[in-house]
Amino acid sequence: MRGSLLVDNIGELVTNSPGGDGPLGIRRDAALLVEDGEVAWIGPARDAPAADRRIDAEGGAVLPGFVDSHAHLVFAGDRAAEFAARMAGEPYTGGGIRTTVGATRAASDDELRATVRRLRGEAMRQGTTTIEIKSGYGLTVADEARSLRIAAEFTEDTTFLGAHVVPGEYADRPDDYVGMVCGPMLAAAAPYARWIDVFCERGAFDVDHARAILACGQAVGLGVRVHANQLGPGPGVQLGVELGAASVDHCTHLTDADVDALASTGTTWVSGFEPTTVATLLPGAEFSTRSPYPDARRLLDAGATVALATDCNPGSSYTSSMPFCIALAVREMRMTPAEAVWAATAGGAAALRRTDVGRLARGARADLMILDAPSHLHLAYRPGVPLIRQVLHNGVPQCRQ
Ligand SMILES: [Zn+2]
């Protein structure tokens, strides 16, 4: 959108940048100017420059848009019955992924695209302005490539997850499947992917297979992410650190050595950007599988960088709501509200190695939300309440709620 836009009458401006108070870089009595899709100026409201248009925040808090660094949006069908069975006492094993694979293979491109569009819109209305989207429900060369082609219509952060599970037709020859993932499937997927990911877990891919697959992806220029230590302790976190992964995701079952390994990659807390291996926590998955939550406090106290994401998928976490994840993180994972908001914005950006999102400072993308509340605290304090009044994406106002 051309022209300048001033956002003023802001109750509290969360910048995640130096120059404000505390780890969130909070500024009061501030205004923010948008030009050409970027933040052009932040300063005291009394010094605000003239602008072509104005948005009155009406005393509401303004935050950077959420960065949801872990979502599986390209799929067909749902698994509500499996959820109901689980709530009636059946354990979660990850085996239901194959149900979604069957439905996804049978769906048309337009059906898959419509689902991504619907969920992307749902997330945007809840403040998410950057979202990562994975493949992983096709698991053939053609279906993985088309999943990523469709994902790339909606985001820059697309992730090749051909190694989600071994599909049924390869159940008795996983080595052959891994060879296919590293060969023709990667070749077909890589043009549409920025990242490669592996589900490194008992029942999915062991550490040798995971290492081989991630190395093949790195060799063609993809960045590394890992699904690790969700269902039990395992080698996934250490593998991710070893390979310089941008993020290891889930981190529900960690040894002290895992925590130390993550902390050794450094902290991206207030100041700026460092290429750490982020621990991305996905509490929607624990909620939806009625499992113990990861201990965020332990990671934060050790000095690791923590992100929050939705893991939006039809089996184990069918939510697109970052505010819901923030509320869970505060209530169940011993994060402070400030830590949770940081993890859902700047933490997600770190997990995607992005410096243009997750913060509000001159030159950052003008991705922000205006709350119907005076402070970021209300995101956890008022769980389940639609507090996000307006979202700007690339400086463009999205539909109001
Ligand atoms: Zn996932």
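Everything below is about the structure printed above this text.
Fair warning: this is a prediction, and the values are worked out from it, not measured in the lab.

**Digging into the packing of helix H5 (residues 174-189) against helix H6 (residues 207-219)**
No. 1: Close contact between H5 and H6 brings their axes to 10 Å; oriented N to C, the two are set at 10°. As the angle between them shows, H5 and H6 are arranged roughly parallel. Touching Pro174, Asp175, Val178, Val181, Cys182 and Leu186 of H5 are His209, Ala212, Ile213, Cys216 and Gly217, all from H6.
No. 2: Classifying every residue of the contact of H5 with H6 gives 8 nonpolar, 2 polar and 1 charged.

**Structural notes on the pairing of strand S17 (residues 368-371)**
No. 1: Burial along S17 is two-sided: the face carrying Leu368 and Ile370 and the face carrying Met369 and Leu371 are both buried.
No. 2: Bridge analysis of strand S7 (residues 61-64) against S17 gives 3 bridges, and the strand direction is antiparallel. For Leu63, the partnering residue across the bridge sits in S17 and is Met369.
No. 3: Alignment of S17 against strand S18 (residues 388-393), held across 4 bridges, turns out to be antiparallel. For Leu371, the partnering residue across the bridge sits in S18 and is Ile388.

**Overview of the coordination of the zinc ion**
No. 1: Taken together, the protein donors to the zinc ion comprise His70 (NE2), His72 (NE2), His227 (NE2) and Asp311 (OD), at separations of 2.1 to 2.4 Å.
No. 2: Its 4 donor atoms give the zinc ion angles of 83 to 166° at the centre, a pattern that matches the irregular case.
No. 3: Donor residues for the zinc ion sit on one chain with the sequence pattern H-x1-H-x154-H-x83-D. Of this pair, His72 sits in the loop between strand S8 (66-68) and helix H1 (80-87) while His227 sits in strand S13 (residues 223-228), and the two are 155 residues apart along the sequence. Accessibility assignment for this pair places His72 and His227 in one class, buried.

**Observations concerning the state of the cysteines**
Here is the idea: a disulfide is a covalent bond, and it sits between the sulfur atoms of two cysteines.
No. 1: For the structure shown, the criterion picks out 0 disulfides.
No. 2: Take Cys312: it sits in no disulfide, and the sulfur closest to it among the cysteines is that of Cys325, at 9.4 Å.

**Considering the environment of Ala61**
No. 1: Structurally, Ala61 is set in strand S7.
No. 2: For Ala61 and Gly11, which are 50 residues apart along the polypeptide, the C-alpha to C-alpha distance reads 5.0 Å.
No. 3: Beyond its immediate stretch of four places on either side in the chain, Ala61 contacts Glu12, Met369, Ile370, Leu371, Ala373, Pro374, Ser375 and His376.

**Quick word on empty space enclosed by the protein**
No. 1: Across all of its chains, the model carries 2 cavities of 30 Å³ or more by this definition.
No. 2: Here the largest cavity defines a volume of roughly 90 Å³.
No. 3: In this structure, the largest cavity is lined by His72, Tyr92, Ile97, Tyr137, His164, Phe199, His227, Gln230, His250, Asp311, Asn313 and Ser316.
No. 4: Taken together, the residues of the lining of the largest cavity sort by class into 4 nonpolar, 7 polar and 1 charged.

Rules and cut-offs
Note that residues are indexed from 1 along each chain, following the sequence as it is written. For a predicted model such as this one, the threshold for reporting local features is a pLDDT of at least 70, and the threshold for listing and counting side-chain atom pairs is 80 or more; totals across whole chains, interfaces and linings nevertheless cover every residue. Side-chain metrics rest on all non-hydrogen atoms present in the structure, leaving aside hydrogens and water. Between the N-to-C directions of two axes lies an angle of 0 to 180 degrees, each axis being a line fitted to C-alpha atoms and, for a helix, fitted only over the stretch in contact. Each helix is a run of H or I in the DSSP string that is no shorter than four residues. Each strand is a run of E no shorter than two, and both are numbered from the N terminus. Small angles under 35 degrees read as roughly parallel and large ones over 145 as roughly antiparallel, with 65 to 115 read as roughly perpendicular and the rest as oblique. The contact definition used throughout considers only heavy atoms, calling two residues in contact when any of these lie within 4.5 Å. Amino acid classes used here: Ala, Val, Leu, Ile, Met, Phe, Trp, Tyr, Cys and Pro are nonpolar; Asp, Glu, Lys and Arg are charged; the rest, including Gly, are polar. Exposure categories follow from relative accessible area, calculated using a 1.4 Å probe and restricted to protein chains: below 20% of the type maximum is buried, above 50% is exposed, and the middle band is partly exposed. Pairing between strands is defined by DSSP: at least two bridges between the two strands are required. Nitrogen, oxygen and sulfur within 2.8 Å of a metal are treated as its donors, or within 3.2 Å for sodium, potassium and calcium (Na, K, Ca); water is not counted, so a site can appear incomplete. Only four donors with every angle between 85 and 135 degrees are called tetrahedral; only four or six donors with opposite donors over 155 degrees apart and all others between 65 and 115 are called square planar or octahedral, in that order; all others are irregular. In this description, a disulfide is simply a cysteine sulfur pair whose atoms lie within 2.5 Å. Grid points spaced at 1 Å and placed over the protein atoms alone form the basis of the search, with a cavity being a set where a 1.4 Å probe fits but cannot get out and a pocket an open set showing protein on both sides within 12 Å along at least five of seven lines. Lining residues have an atom within 4 Å of a point. Grid points are joined across faces, edges and corners, and a volume is the space filled by probe spheres set on the points.

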